[in-house]
Structure formats: structure tokens, C-alpha cells
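Tertiary structure, described
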Amino acid sequence: MPWGAKGRWALLAALFISAAHAQVEERMAAQLRSCAGCHGADGNSVTTGAPSLAAQPKIFLENYLVLSREGLRGPPVMQALLKGVPDKEIVALSMHYSGLKATANIDPVDKKLFQRGKDIASKNRCSSCHESTFRGREQMPRLAGQREEFLAEVMLAYRQNRRPGGDTIMAASLYGIPETDFKAMAHYFSRLK
Amino acid sequence: MKKSVFVLAAASVLTLSIQAALAQDKAAAPPPAWQQGRPAALADSKLAPNAGKNTETPASEIPIDKLKLPKGFKAEIWATGMVGGRAMAFSDSGKKIYVGTRGIGRVYEVTDAGDKRTVRVVVDKLTQPSGVAFQGGSLYVMAIDKVLRYDGIEANPAVQPVDLTAKFNLPKEQHHNWKYLAFGPDKKLYVPFGGPCNICEPPSKEYAQLRRYNADGSGMEVIATGIRNTQGFDWHPKTGEIWFTDHGRDWLGDNGPEDELNRIDKAGNFYGFPYCHAKGIPDPDIKKKDACKDVTLPVTTMGPHAAVMGVKFYTGDMFPKDYQGAMFIARKGSWNRSKKFGYDVVSVRPSADGKSAKISPFLTGFMDPKENTFWGRPAYIAQMKDGSLLVSDEQLGAIYRISYGAPKK
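Residues numbered from 1 in each chain as written. Chains lettered and ligands numbered in written order. Predicted model: local features only at pLDDT ≥ 70, side-chain atom pairs only at ≥ 80, totals over all residues.

1. What about the overall build of chain A?
Heads up, the condition is: Helix numbers and strand numbers start at the N terminus; a helix is a DSSP run of H or I with at least 4 residues, a strand a run of E with at least 2. To sort residues by burial, count the other C-beta atoms lying within 10 Å of each one's C-beta; a count of 20 or more means buried, 12 or fewer means exposed, and anything in between means partly exposed. C-beta atoms are built from the backbone.
For chain A, the count of helices and strands is 10 helices and 0 strands. Evaluated residue by residue, chain A yields a buried proportion of 50% over its 193 residues.

Structure, rendered in C-alpha cells:
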């Protein structure tokens, strides 16, 4: 991690240089509290259907949060929370979550399913963009340690063109892959550190 | 809101989408379009599309001084704040310019007040509304799955759109089916339908072609076929022929097949996709005997993975005489290539017979070849009434103005 928690807060605060400095900081804290409701105080989600945000690439988070604010991505509750949030606050939130540490998934591993997922991911060359560690880079999200049910649903949503806002290349990458394969890959990715 | 509400909402959304998903899961499926054609030699390649930017970039963060132009030309920042802005269409009065986008789903209206510009969002929440065109007082917007017309929008900014989607019979696949739109001299609307993959035999005949429609969506005709992904075209001011750019396929290595600049000298031409690329390269994956037979080859190739975008014939009188009859072409820049290529605007001068063309650098400096990095991606060109050019930068959501004044002696 490049900075400690204190250093990050200092940087975040620095991004909010304005007359109402304290007010902005208070707003940011309130935003983080509402994010924590689903995504965990440390960005590691324990909520079904809500993804972990910790250690996601900053550009991915920025792009996603903007799309959600625009009403293109994510559940209505996310869209409502982000409505009207300005770009610079989205950048600050993204910087915050990208700097948090992802905790390891301690759910049990189904060895057979894990291996199957690994093989399918390898065949489909997922690591080409998401890195061999599956920790993501730039606009391409971290998959390692992400919630299993979330990953499976997102892959399906991409394939069914229910995830607008990104390049269609992700949907094209999942073209024709059956849902059972998504589930296997989701199991595999979710158990990686 | 309380936590329990969040959890409930998230869980119910998930359940609903899973149900919807199960119902749709039976569709027949060709191989994954993206990795198709990727050879074993490139199995470990880390090449991936460049990240776009969804947040606004203020003028103060745009390194405009890095741009380079031929002597006497000048670049300035003309408008900012159009996140993801690409194709531009002038209103009839020329005082407003409409700008389409892909990911962020918006269409912008930029109003030119002479010394400054104001920007507003005309429509949002669309799936890649990259196609914008203006004719007879109406703005036409085309997303992958929607066609909207805004009548009299210059006088009435709040006008509600007429939904023309059903008239245009848009196909199902989305990849390479975001649009570039333009009205021709015949007042018809020209619309491309890309091949829905990197390389494949398209799943049906609706893809990999250029069509034209009457403005109301009636009278559809297929003008040309075998076009992988054209994102820009213009009409030659003298011959009236369409010149269009086309993106070459990926995953055949750093050096090709190169992007293309094509000319439609007669309706019905076949431009080769998926069997034949560039100046006659048979595809190694989608094989056909005599793959390049009866293929209309490009006037010129435009460089490997260059991502050739907008084409604009210069008809103004601001620039020096040798730009008359030349066209400007934006190359948004490569991703499927280890050393970056493009990220510039070139001037292209066709020969008198239209069978060849000479490419010269025009606007450069978006890319740092030593560091193999870029900061901007020029996408489209529009010509202002005074003969200056506007160039959109999709990466930074900005428009730059290029003007000319005789160099001081």
C-alpha cells in the first residue's frame, strides 16, 4: 500500500480545497458511511449481491461510479445514492477504496469447482486483461477475492448486454459461455487473494 | 437509509436479474468473439483496450502546448467538459454543435457564443449514442439500440424526441454496432452496421455493411458490404463519392492488417470482411478460396491498429491552397499493438483518379513515442464556417480548434 490510512485521508481532504472545507469533509465522511452499509467499512463486502471495493483499480472505480450516477449501471439504490455527486468527489471516493486492503475470502473451497473455474478462465484468457493475479489494472476490475455470487451475476449480465457503459469487448469476451462456466469461474476468482 | 433497506434492495435486484437471465440463457452461441482469431503466439499477450475517462477534464489539465502542427497553424482549447465526446454535428445555423458519446451514454449540445462555449446534456442514459446528425432543423441521435429525432431543437431546447427506433430495424448484436451517422448530399441518412466480433462469419446478413435510409427510416438500401467497422465517412466535394475509414482486425501481430481508407465508386461494392484485409491479405482464420477475389481493395492503408475514425474533406478557404481537395483523418490510436501507433490527425491527398492517396502528418503530439504513452485521442473533425477545424478528443472530452494564419517572416 502506498499510503497509510492517515496519509490517504490527508490526500482526500486536500482534494476538497474550498471555502466550505470542513463541510465537504463531513459530506465525504457521510458518503463513506453510507457506502459502508453494503460494501463494508473497510471496503470488503459481507452483503449478498454487493461487491467488495477494496483494492479495486482507481480508474475502474471512477468509471463505474460515474456510470452508476448516470443511471446506467448498478441497482437503483446505488444510482440514487450517487445522484448529483460531482466528479471530484467520485475521484476521491475511488482513491479511497483503491487504497484499502482486500481481505482474503475465508469461505470453504470446492476443489473440483475451483480447478474447473481455473481451467475455464485460462482457456478464455481472462488474465490477459485482469492480470495473472486477477487483481485487475486500470479500467479492468480486480476479480481476486470478489464475492462469488456477484461475479457470476456480473458475467451473465455482460453476456446478456445488461451492462451498458463499458466497451462491448467484455460482453464479446463472454459471448457463448454457459452460465455454469460463469459459476465455476466465479468460485475460482472469489477464492484468490 | 438503513442498512437493512440496502441489503433488501440489492438482494431483490440480484434475484430479479438472475430470473431474467435464466429465461434468456438458451441462445445459441458462436465462439467468444474477442479471443477468436487470437493465435497461440499471442496467448500471453497483455494488450488490452485503453482505459477511457469518465470524469471531466478542465482546460487547465489539458497539455495543449504539446500539440504540433505544420508551420502557421495553431491549436487552442475550444470547449471542455464533454466527457467521452466523439462525433460532432453542426446545427443548421452553425451556432450549436451536437456531440455523441459511447460509454457515458450522453449527447451534448455545445453553444458557441463567440468568445466562449457553454455545454449542456441533451439526453443521457442511452447505450452508446455515438451517432449524431443534423438536417432540416432536426437533430438525429442513434444509439446501439435506439434512434431519436429532436425537431426544432435549436429554437426549442426542451423538445421531446420522436422515437424512430422501430423504423430502422437495428440488429441484436452490440459489438462494433455503435454508430457514426451522416446525411449525404442526397439528404439520406448513412448508417454503418459493423461485424459483431474481432473476426467471424457474421451470424446474419445484417452486419458488416453500410446502409442508407430516408430521414424517417423508410427506404433502406444496403450501399456496400464486407465492412468490418467504419466509424467515419465523408463525400468527395467534386465526385460525390463516399470515402470511408475501416478498422482492421486484431490479434494478427503488431504490423497489421492495417486499417483502411476506402472509396465507394459504385453501390454494391464488397470490401472483404471477414475474408480479405487491407491490400489483399487473406484471413488466416475465416478461410475462403480466392479470398480477395471481387473485393474492392482500399485506396490506401492507414497504419496498423491505428483506429481510423473521422474523415473530413476540407472545403474552407482559411488553410493554404494545397489543403483544397485534401481530407483530414483522425487516428484515435492503437491498443492491440506493443508500440503505440496513431494518436494523430493526418492530411490525405487523393490522386486525381481517386485510386491512390498520399498521407502526411498534420496534428501530432498526443502520444509520447519514447514512453509509449498517450494523453489524448483525436476522434473526429468538423469544419467551421470560417474554415478552421474542430477536432474532438474522446479521451479528455474536449474539442480543439485548429486555425491558420500566414507565418510571420
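The discussion continues.
2. What about the overall build of chain B?
The test is simple: We call two residues in contact whenever the C-beta atoms placed from their backbones are within 7 Å.
Per the secondary structure count, chain B includes 2 helices and 28 strands. In chain B, which comprises 409 residues, the proportion classed as buried is 45%. Taking the contacts inside chain B whose residues are at least 6 apart along the sequence as the reference set, 54% of them involve residues at least 24 apart.

3. Description of the domain arrangement of chain A
By a frequent convention, interface size equals the accessible area lost on bringing the separate parts together. All names here are of chain A. Condition: A domain assignment, automatic or from a database, supplies the domain bounds used here.
On domain assignment, one finds that chain A holds domain 1 (5–98) and domain 2 (111–190). A C-alpha centroid distance of 24 Å is found between domain 1 and domain 2. Contact with domain 1, which involves 14 residues of that partner, is made by 15 residues of domain 2.

4. Focus on the sheet that holds strand E26 (residues 378–383) of chain B
Residue and element names in this part refer to chain B. Heads up, the condition is: When DSSP finds two or more bridges between two strands, those strands count as paired. For every element, the axis is a line fit to its C-alpha atoms; helices are fit only across the contacting stretch, and the angle between N-to-C directions ranges from 0 to 180 degrees.
Taken in spatial order, the 4 strands line up as E1-E28-E27-E26 in an open sheet, and their pairing is antiparallel. Pairing within the sheet leaves two strands with one partner each, and these edge strands are strand E1 (73–79) and E26. With direction set aside, neighbouring strand axes in the sheet form an average angle of 25°.

5. Observations concerning the nonpolar core
One broad trend across soluble globular proteins is that nonpolar side chains are buried collectively. In plain terms, the rule: Nonpolar cores are identified as sets of buried Ala, Val, Leu, Ile, Met, Phe, Trp, Tyr and Cys residues joined via C-beta atoms within 7 Å.
Membership of the largest hydrophobic core comes to 108 residues, with the highest contact counts inside it found for B:Tyr98, B:Val132, B:Ile329 and B:Val391. Here this core gets 7 residues from one element, more than from any other, and that element is helix H3 (residues 58–69) of chain A.

6. Regarding the sheet that holds strand E22 (residues 344–350) of chain B
Across a sheet, strands are paired by hydrogen bonds formed along the backbone, either parallel or antiparallel in direction. Residues and elements named next belong to chain B. The sheet built from 4 strands is open, its strands ordered E20-E21-E22-E23 with antiparallel pairing. Of all the strands in the sheet, the pair left with one neighbour each is strand E20 (308–313) and strand E23 (357–363). Taken pair by pair, the neighbouring strands of this sheet meet at an average axis angle of 25°, ignoring direction.

7. Notes on unusual backbone geometry
Residues and elements named next belong to chain B. For the bond from Gly256 to Pro257, the omega torsion is -5°, close enough to zero to count as cis. Considering the arrangement of structural elements, one finds Pro257 in the loop between strand E15 (242–246) and strand E16 (258–264). In this structure, the amide linkage connecting Phe273 to the following residue, Pro274, adopts the cis form with an omega of 5°. Among the secondary structure elements, Pro274 is positioned in the loop between E16 and strand E17 (276–277). Positive phi is not limited to glycine here, since Lys125 has a value of about 65°. Relative to the helices and strands, Lys125 resides in the loop between strand E5 (117–123) and strand E6 (131–135). Lys125 sits in the partly exposed class, given 15 other C-beta atoms within 10 Å. Unlike most non-glycine residues, Asp290 shows phi in positive territory, near 50°. Within the secondary structure, Asp290 is located in the loop between strand E18 (281–282) and strand E19 (300–304). For Asp290, a count of 10 C-beta atoms within 10 Å corresponds to the exposed category.

8. Structural notes on helix H10 (residues 179–190) of chain A
All names here are of chain A. Formally: Under the convention used throughout, the expected extent of a helix is 1.5 Å for every residue step, that is, one less than its residue count.
Between its first and last C-alpha, H10 extends 16 Å over 12 residues, near the 16 Å set by a 1.5 Å rise per residue. By the criterion of burial, H10 is predominantly enclosed, with 10 of the 12 residues buried. Asp181, Phe182, Lys183, Ala184, Met185, Ala186, His187, Tyr188, Phe189 and Ser190 are the residues of H10 that are buried. On its buried face, H10 is in contact with helix H6 (111–123) and helix H8 (148–159).

9. A short note on the packing of H8(A) against H10(A)
All names here are of chain A. Test applied: Roughly parallel covers angles under 35 degrees, roughly antiparallel covers those over 145, roughly perpendicular covers 65 to 115, and oblique covers all other angles. Should the near helix be turned anticlockwise from the far one by less than a right angle, the crossing is termed left-handed; should it be turned clockwise, right-handed.
Across the interface, H8 lies against H10 with an axial gap of 8 Å and an inter-helix angle of 140°. Judged by the angle between their axes, H8 and H10 are oblique. For the pair H8 and H10, the crossing hand works out as right-handed. On H10, the residues that touch Glu148, Leu151, Ala152, Met155 and Leu156 of H8 are Glu179, Phe182, Lys183, Met185, Ala186, His187, Phe189 and Ser190.

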